[in-house]
There are 2 protein chains.
Amino acid sequence: MEAVLGAAVALLDEAGAPALTFRALAARLGTGVGTIYWYVSNKDELLDRATDHAIGGVPAPAEGQPQSDDPIADLRAMAIALFDAIVDRPWLSAYFMRNTDVQGNSLRLYEKLGQPTLRLDLTPRQRFHAVSAITSVVVGTAADLGAEIPPEILDGTMDRDAYLARFAEQWRSLDSAEFPFVQEIVDEFAGHDDRDQFLAALELTLSGLRLQAGTG
Amino acid sequence: MEAVLGAAVALLDEAGAPALTFRALAARLGTGVGTIYWYVSNKDELLDRATDHAIGGVPAPAEGQPQSDDPIADLRAMAIALFDAIVDRPWLSAYFMRNTDVQGNSLRLYEKLGQPTLRLDLTPRQRFHAVSAITSVVVGTAADLGAEIPPEILDGTMDRDAYLARFAEQWRSLDSAEFPFVQEIVDEFAGHDDRDQFLAALELTLSGLRLQAGTG
DNA sequence: ACCTGAACACCGTTCAAGT
DNA sequence: ACCTGAACACCGTTCAAGT
């Protein structure tokens with residue numbers, strides 16, 4: 001079982017979700033396709049378990065210094081740790097927290113992410129919504145970061161800047177009376193860094209949360 | 001072409017992404033599979049165009065009363081309109097804004113979503129990040145809303161409350177010393193409404209944004 | 001310019017058969 | 001209890017051939 005998940009994660013890391021097929025997995029394990037079905041009842045469960053296996057390796061930053069005096073800072077640190085894990089493994093975003101029945105590690109990470117909210121002056125409902133919001137920012141931005149990468153870039157045929165520039169050029173050619181906003185942000189888009197984009201989105205949510213908790 | 005996209009959207013609406021196959025589409029159109037490849041060069045492009053086709057039907061709430069005196073309120077209205085559109089058609093979330101080359105309607109909607117930020121006191125970069133953050137909240141929460149629905153529920157075999165209750169029960173059985181946060185929010189989770197969750201996440205981002213813009 | 005559908009190389013999943 | 005791999009019913013995509 002451990003070997004199956006390890007090989008599955010390896011395949012996903014090497015070439016993304018499409019690379020994980022029962023045949024490829026069986027070949028890597030040196031067995032037949034049927035064998036895998038003894039450990040896992042279908043592909044969804046395979047992906048759920050592989051995702052949870054990978055999430056198990058996400059370092060909990062709160063491990064060393066259990067908690068700072070600022071819960072918001074702890075939330076930020078956890079969110080960034082999760083984001084970094086997903087950036088390294090874009091295939092994670094599609095299956096994270098999909099089924100906590102099978103995803104014990106994901107549930108533990110969810111707990112870690114939520115604990116700092118217990119030190120904020122919020123209702124249970126507000127805490128639940130806050131953590132959902134943060135998770136959604138992390139998974140949402142990390143997901144379109146993974147989706148954004150077209151085959152041309154992975155090939156190395158075209159680099160990311162050139163890819164963005166192509167869009168930027170097309171956007172610049174739009175009528176500026178009809179597309180004032182797109183014109184306004186096209187330069188930002190052309191040179192944008194995904195991590196900055198994520199951090200900015202996270203900061204908006206966190207400052208909204210700080211306001212809601214009446215802290216600072 | 002129009003007919004192809006119409007039929008594709010119909011298939012997606014009826015049974016989700018897995019239902020859209022070239023064979024099913026050809027059958028519905030009364031032609032051969034090869035025909036579709038004359039209009040579209042592969043499945044990704046088919047999904048991009050179908051998504052954009054559907055996005056074209058999203059009502060721009062700013063149409064009637066072009067803008068209120070509160071840009072934040074206009075942002076909220078646009079975000080909610082987009083969320084509602086995606087809730088009705090969960091398959092949208094995976095392809096929205098993936099390729100604006102082909103997605104003219106999506107770009108127009110992105111523009112509409114961004115325009116209110118022009119009336120806020122922000123830098124271009126802040127405007128870009130704000131709209132990205134809002135888009136990410138909308139798509140992120142709407143996406144796991146679509147993913148959350150397992151076959152058992154679509155069948156009608158089990159209703160949503162019972163499904164959530166099953167998880168809640170499992171969560172309640174966890175050690176409360178190790179999982180204090182999960183224990184704290186389990187009741188909220190069990191009865192949660194996805195729309196409320198989205199609205200709460202949106203509100204956190206918007207209030208962070210209002211703070212950043214120094215308005216109100 | 002537009003359509004056709006057989007053919008190819010893949011999938012996930014099952015199952016009778018083995019140890 | 002665990003493994004095997006041929007077989008089945010599907011995919012997306014191509015292409016020689018038609019109008």
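Parameters at a glance
- Throughout this document, residue positions are counted from 1 along each chain, in the order its sequence is written.
- In the order they appear in the text, chains get letters beginning with A and ligands get numbers beginning with 1.
- Predicted model: local features are reported for residues with pLDDT of at least 70 only, side-chain atom pairs are reported and counted for 80 or more only, and whole-chain, interface and lining totals are derived from all residues.
- Hydrogen atoms and water are omitted, and side-chain values are computed over all heavy atoms in the structure.
- Salt-bridge detection follows one rule: a side-chain nitrogen of Lys or Arg within 4 Å of a carboxyl oxygen of Asp or Glu.
- For helices the rule is a DSSP run of H or I covering at least 4 residues; for strands it is a run of E covering at least 2, with both sets numbered from the N terminus onward.
- Burial here depends on accessible area, computed with a 1.4 Å probe over protein chains only, as a share of the maximum for the residue type. Under 20% is buried, over 50% is exposed, and the range in between is partly exposed.
- Residue proximity to a molecule or strand is established when one non-hydrogen atom of the residue lies within 4 Å of it.
- Under this definition, polar contacts are N or O atom pairs within 3.5 Å; protein pairs additionally need one hydrogen-donor-capable and one acceptor-capable atom, and for neighbouring residues in sequence, both atoms have to be side-chain atoms.
- Here a residue-residue contact requires only that any non-hydrogen atoms of the pair lie within 4.5 Å.
- In this description, buried area is defined as the sum, over both parts, of the accessible area (probe of 1.4 Å) that is lost when the two are combined.
- Note on residue categories: nonpolar means Ala, Val, Leu, Ile, Met, Phe, Trp, Tyr, Cys or Pro, charged means Asp, Glu, Lys or Arg, and polar means any other residue, Gly included.
- UniProt positions are given in the numbering used here, feature names are shortened, and annotations may be inferred rather than shown by experiment.
- A least-squares superposition brings the copies together, and it is based on the C-alpha atoms of residues with pLDDT no lower than 70 in both.

- An unreviewed UniProt entry annotates chain A as TetR family transcriptional regulator of Streptomyces galbus.

**Some thoughts on the pattern of salt bridges**
When charged atoms on two side chains of opposite charge get close, those side chains can pair.
All names here are of chain A.
Then comes step 1: All told, the structure shown has 30 salt bridges over all chains when counted by the stated rule.
Then comes step 2: One salt bridge connects D74 with R119, and the closest N-O pair in it is separated by 2.7 Å. Residue D74 is found in helix α5 (residues 71-88), and its partner R119 is found in the loop between α6 (104-114) and α7 (124-148); the two are separated by 45 residues along the sequence.
Then comes step 3: D74 gets classed as buried once you look at its relative accessible area, which sits at 15%.
Then comes step 4: One salt-bridge network, in which partners are shared between bridges, spans D44, D48 and R98.

**Topic: the protein's contact with DNA strand C**
Then comes step 1: By nearness alone, 15 residues border DNA strand C, and R23(A), K43(A), T31(B), W38(B) and Y39(B) come closest of all.
Then comes step 2: Atoms of DNA strand C within 4 Å of the protein: sugar and phosphate make up 53%, bases the balance.
Then comes step 3: R23(A) is positioned such that a nitrogen or oxygen atom in its side chain is 2.6 Å from a base oxygen of DNA strand C.
Then comes step 4: Contact distances for DNA strand C include 3.2 Å between a phosphate oxygen and a backbone N or O atom of G32(B).
Then comes step 5: Per-element accounting of the surface near DNA strand C gives the leading share, 5 residues, to helix α3 (residues 33-39) of chain B.

**Re the interface of chain B and chain A**
Then comes step 1: Across the contact, 52 residues belong to chain B and 52 residues belong to chain A.
Then comes step 2: Considering only the surface of chain B that becomes buried against chain A, F128(B), F181(B) and L204(B) emerge as the three largest contributors, covering 16% of it.
Then comes step 3: Along the contact surface separating chain B from chain A lie 8 salt bridges.
Then comes step 4: The partner of E188(A) in a salt bridge is R125(B), and the shortest N-O contact between them spans 3.4 Å.
Then comes step 5: At the level of elements, α6 (104-114), α7 (124-148), α9 (160-172), α10 (180-190) and α11 (194-213) of chain B are the ones that each hand at least two residues to the side of chain B that touches chain A.
Then comes step 6: With 14 residues, α7(B) is the largest single contributor of residues to the side of chain B that touches chain A.
Then comes step 7: Per-class residue counts for the side of chain B that touches chain A are 24 nonpolar, 17 polar and 11 charged.

**Considerations on unusual backbone geometry**
Then comes step 1: With a phi angle near 65 degrees, M97(A) is a residue other than glycine that sits in the positive phi range.
Then comes step 2: Tracing the sequence through the fold places M97(A) in the loop between α5 and α6.

**Examining the side chain of T141(B)**
Then comes step 1: Checked against the element boundaries, T141(B) lands in helix α7.
Then comes step 2: The class for T141(B) is buried, based on a relative accessible area of 11%.
Then comes step 3: A polar contact of 3.4 Å, which involves the side chain of T141(B), links it to the backbone oxygen of V138(B).
Then comes step 4: Aside from chain neighbours lying at most four places away, what touches T141(B) is S136(A), F83(B), S136(B) and F198(B).

**Quick look at the environment of P71(A)**
Then comes step 1: Residue placement: P71(A) occurs in helix α5.
Then comes step 2: In sequence terms P71(A) and A162(A) are 91 residues apart; their C-alpha atoms lie 40 Å from each other.

**Side note on the UniProt feature "domain: HTH tetR-type" (unreviewed entry) in chain A**
Then comes step 1: What UniProt calls "domain: HTH tetR-type" (unreviewed entry) maps, in this numbering, to residues 1-58 of chain A.
Then comes step 2: Secondary structure across residues 1-58 of chain A divides into 72% helix and 0% strand, with the first and last C-alpha atoms of the span separated by 20 Å.

**Concerning the relation of the copies chain B and chain A**
Note that the two copies of the chain are related through a rotation about an axis and a translation along the same axis.
Then comes step 1: Rotating chain B by 180 degrees and translating it 0.0 Å along the rotation axis places it on chain A, where the RMSD comes to 0.0 Å. Such a combination of turn and shift is consistent with a two-fold rotation axis.
Then comes step 2: A shared binding surface is used by both copies, with 100% of the interface residues of chain B retained as interface residues in chain A.

**Quick look at the protein's contact with DNA strand D**
Then comes step 1: Around DNA strand D there are 15 residues in total, and T31(A), W38(A), Y39(A), R23(B) and K43(B) lie nearest to it.
Then comes step 2: The protein-proximal atoms of DNA strand D, defined as those within 4 Å of the protein, are 53% sugar or phosphate.
Then comes step 3: Interatomic distance of 3.5 Å between a backbone N/O atom of G34(A) and a base oxygen of DNA strand D.
Then comes step 4: A distance of 2.7 Å is found between a phosphate oxygen of DNA strand D and a side-chain nitrogen or oxygen belonging to K43(B).
Then comes step 5: Broken down by secondary-structure element, the contributors of at least two residues to the surface near DNA strand D are α3 (33-39) of chain A together with α2 (22-29) of chain B.
Then comes step 6: It is α3(A) that contributes the most residues to the surface near DNA strand D, 5 residues altogether.
Then comes step 7: In terms of residue class, the surface near DNA strand D is made up of 6 nonpolar, 6 polar and 3 charged.

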